[in-house]
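Observations on the model geometry
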Amino acid sequence: MIGCKDVMQELSNFLEGTLDEDFKRDLRSHLTNCQHCQVVVDTTRKTIELYCDGELFPLPTAVRDRLHEVLRQKLQGKCT
């Protein structure tokens, strides 16, 4: 079972489309049931699209790591 922490850890891989199909299916199932994660994923995707004029690009490792840390801190205790 995938939880909020898993979503945050794999957020960039999910947005880049590099997850295996089973994990991607489980993650999408979690997003269907978790409004908080759904908002985070949608907002992150839209931010990247706006920044890149509609084109997704891989986040630099340092940026991705900082984003994940901030998201972990925000989600601590709010989700399973």
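1. Some words on the overall build of the protein
A count of helical and extended segments in the protein gives five helices and zero strands. Along its sequence from the N terminus, the protein presents helices and strands in the succession α-α-α-α-α. Buried positions account for 31% of the 80 residues belonging to the protein. The contacts in the protein between residues at least 6 apart in sequence include a share of 61% that link residues at least 24 apart. Put simply, the protein shows about 5,500 Å² of open surface, and 50% of that area lies on carbon and sulfur atoms.

2. Some remarks on the state of the cysteines
Evaluated as defined, the whole model comprises zero disulfides. Free of any disulfide, C34 has its nearest cysteine sulfur in C37, 3.7 Å distant.

3. Concerning the side chain of S12
Its place among the elements puts S12 in helix 2 (residues 11-16). In this structure S12 touches R64 and H68, once residues within four positions along its chain are discounted.

4. Quick look at the nonpolar core
Core analysis: the biggest nonpolar cluster contains 19 residues, and V7, M8, F14, L27, L31, C37 and V41 have the highest contact counts within it. Contributions of two or more residues to this core are made by helix 1 (4-9), helix 2, helix 3 (21-33), helix 4 (35-51) and helix 5 (61-75). Among the elements that make up this core, the one with the highest residue count is helix 4 (four residues).

Reading the values: rules and limits
- Residues numbered from 1 in each chain as written.
- Predicted model: local features only at pLDDT ≥ 70, side-chain atom pairs only at ≥ 80, totals over all residues.
- Heavy atoms only, no water.
- Helix = DSSP H or I, 4+ residues; strand = E, 2+ residues; numbered from the N terminus.
- Buried < 20%, exposed > 50% of the residue type's maximum accessible area, 1.4 Å probe, protein only.
- Contact = heavy atoms within 4.5 Å.
- Areas by Shrake-Rupley, 256 points an atom, 1.4 Å probe, with all protein chains shown as cover.
- Disulfide = S-S within 2.5 Å.
- Core = buried A, V, L, I, M, F, W, Y, C linked by side-chain atoms within 4.5 Å.

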